[in-house]
Amino acid sequence: MSAYLARRLIESALILLGITFVTFVLLYMVPADPARQIAGRSATAETVANIRNQLGLNDPLFLQYFRYLGNLLQGDMGRSYLQRAEVSELIAARLPASLLLMVSAIVTELILGLTIGVVAALRRNKPADHSLMIFSFVSISAPQFVIGILLLYIFAVQLGWLPIGGYGTFAHLILPSITLGFLGAGWYSRMMRSSMIDVLEQDFVRTARAKGLSRLHIITRHVMPNAILPIIAMIGIDIGLFMSGIVVVESVFGWPGIGQLAWQAIQRVDIPVIMGVTMVSATAIVLGNLIADLVAPLIDPRIKTK
């Protein structure tokens, strides 16, 4: 296990290193001049040249990258070109809101997904099963911004039950959580259905039926605990889906998290902020996958580490 852990840690570090390089190169190729953005449109060419020199933007690409990497290893993500603040402070101020949304979305997708999966498995090949699987297919396929706008139109604009956007109360959290968890709910429902059907066909379930145990007792005490094991083991991997969708969801609902910060930075080509958010998101995804790989064998003995 220790050798597996060491190998996974090395792989995770190499993945993060590769992400920093690819992101840095792509942003370097963007046809936008950060010095001109800082100086303003009315600045003279001399002023812009001085700013470029101060920021080291005239240096070769690899020199700029290694300088950024050295600062990053010391915890310095740089300063925002436009907000004149440390990137780490900007991210730290927005991170709690994103974490709150992520946790609530995980709870939402598990409640929806597991419930749909259990009902579909118990009604296998019946109209309820087909209807629920169609719903899960739609939830997996539908773009999140479409789901978000549709929920806003129905529950905020037409019915007026929930706020149209913002942050601060439980009511503000409901629609973003459902939108962000909608994709995962469809994924988990299909996984739970397959897992439930597999467990229902096991010998120990037949034995429990032969003993005369009630259907409810068999499902709650024997089937569910075994069927849910693979689902729990995969939750950590789901962080990647959240980080990819959080930019869209936070922008649609005006949620003040790192997703909205990233969108604002992309619109204004604020490179240090884009790099900082990318690194935080990539670290979250890598850690989520690492934790899932380590926890999965402990939860489900059928999963082996190599």
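Higher on the page you've got the structure.
Presented here is an overview of the structure given in this document. As the structure is a computational prediction, the values presented were derived from the model and not from experiment.

Definitions and limits used
Residues numbered from 1 in each chain as written. Predicted model: local features only at pLDDT ≥ 70, side-chain atom pairs only at ≥ 80, totals over all residues. Heavy atoms only, no water. Helix = DSSP H or I, 4+ residues; strand = E, 2+ residues; numbered from the N terminus. Buried < 20%, exposed > 50% of the residue type's maximum accessible area, 1.4 Å probe, protein only. Contact = heavy atoms within 4.5 Å. Areas by Shrake-Rupley, 256 points an atom, 1.4 Å probe, with all protein chains shown as cover. Lys, Arg positive; Asp, Glu negative; His and termini not counted. Charge placed at Lys NZ, Arg CZ, Asp CG, Glu CD. Phe/Tyr/Trp six-rings, centres within 6.5 Å; stacked < 30°, edge-to-face > 60°. Patch = residues over 30% accessible without salt bridge, like charges linked within 9 Å, V, L, I, M, F, W, Y side chains within 5 Å. Salt bridge = Lys/Arg side-chain N within 4 Å of Asp/Glu carboxyl O. Expected span 1.5 Å × (residues − 1). Bend = angle between axes of the 7 residues up to and from the residue. Core = buried A, V, L, I, M, F, W, Y, C linked by side-chain atoms within 4.5 Å. Axes fitted to C-alpha atoms, helices over the stretch in contact; angles between N-to-C directions. Left-handed = near helix turned anticlockwise from the far one by under 90°. Nonpolar A, V, L, I, M, F, W, Y, C, P; charged D, E, K, R; others polar. Parallel < 35°, antiparallel > 145°, perpendicular 65-115°, else oblique.

Assigned secondary structure in the protein consists of 14 helices and 0 strands. When the helices and strands of the protein are placed in sequence order, the string is α-α-α-α-α-α-α-α-α-α-α-α-α-α. For the C-alpha atoms alone, the extent of the protein along its principal axes is close to 85 × 55 × 30 Å. Counting all 306 residues of the protein, 42% fall into the buried class. Long-range contacts, defined as pairs at least 24 residues apart, comprise 72% of the intrachain contacts of the protein with a sequence gap of at least 6. Surface exposure of the protein reaches about 16,300 Å², of which carbon and sulfur atoms provide 67%. Taking the average location of the 23 positive side-chain charges in the protein and that of its 17 negative ones, the two points are 10 Å from each other.

Another aspect to go through is the packing of aromatic side chains. Using the criterion set out here, one finds 9 aromatic pairs in the structure. Ring geometry for Tyr167 versus Trp255: centroids 4.7 Å apart, planes at 90°, classification edge-to-face. Of the two residues, Tyr167 sits in the loop between helix H7 (144-158) and helix H8 (170-200) while Trp255 sits in the loop between helix H12 (239-253) and helix H13 (258-267), which places them 88 residues apart along the sequence. The partly exposed category is assigned to Tyr167, whose relative accessible area is 42%. Trp255 gets classed as buried once you look at its relative accessible area, which sits at 0%.

Quick look at a positive patch on the surface now. On the surface, a cluster of positive charge is made up of Arg123, Lys126, Arg209 and Arg215. Checked against the element boundaries, Arg209 lands in helix H9 (residues 203-210).

Now for helix H5 (residues 87-122). Under the 1.5 Å per step criterion, the end-to-end length of H5 is 50 Å for 36 residues, consistent within 8% with the ideal 52 Å. Its axis deflected by about 35° at Leu95, H5 carries its strongest bend there, up to four residues before the proline Pro96.

What follows deals with the nonpolar core. Core analysis: the biggest nonpolar cluster contains 73 residues, and Ile91, Leu101, Met192, Met196, Val223 and Val273 have the highest contact counts within it. The leading source of residues in this core is H5, at 12 residues. Contacts of Ile91, omitting those with residues within four sequence positions, involve Met77, Ile258, Leu261, Gly276, Val277 and Val280.

What follows is about the packing of H5 against helix H6 (residues 127-141). Orientation of H5 relative to H6, taken along the N-to-C sense of each, is 150°, at an axis distance of 8 Å. Regarding H5 and H6, the two cross each other, and that crossing is left-handed. When H5 is examined against H6, the residues Ile116, Val119 and Ala120 are found in contact with a partner set consisting of Asp129, Leu132, Met133 and Phe135. Residues belonging to the contact of H5 with H6 are distributed by class as follows: 6 nonpolar, no polar and 1 charged.

Time to look at H13. Residues of H13 that are buried include every one of Ile258, Gly259, Gln260, Leu261, Ala262 and Ala265, and no others. Phi turns positive one or two residues past the end of H13, at Val269, with a value near 50°.

A few words now on the pattern of salt bridges. Counting across every chain of the model gives 5 salt bridges. Between Arg124 and Glu201 there is a salt bridge whose closest N-O contact spans 3.1 Å. Of the two residues, Arg124 sits in the loop between H5 and H6 while Glu201 sits in the loop between H8 and H9, which places them 77 residues apart along the sequence. Arg124 sits in the partly exposed class, given a relative accessible area of 41%. The partner of Arg206 in a salt bridge is Asp203, with the nearest N and O atoms 2.7 Å apart. Of the two residues, Arg206 and Asp203 are both situated in helix H9; the distance of 3 residues between them amounts to about one turn of the helix. Judged by relative accessible area, Asp203 falls into the exposed class, the value being 56%.

What follows covers the packing of H6 against H8. Closest axis-to-axis distance for the H6/H8 pair is 7 Å, and the angle between their directions is 140°. One way to sum up the angle between H6 and H8 is to call them oblique. The two elements H6 and H8 meet at a crossing, and its hand is left-handed. The segment H6 lies against H8, with Asp129, Met133, Phe135, Ser136, Phe137, Ser139 and Ile140 engaging Phe182, Leu183, Gly186, Trp187, Ser189, Arg190 and Arg193. For the contact of H6 with H8, the per-class residue count stands at 7 nonpolar, 4 polar and 3 charged.

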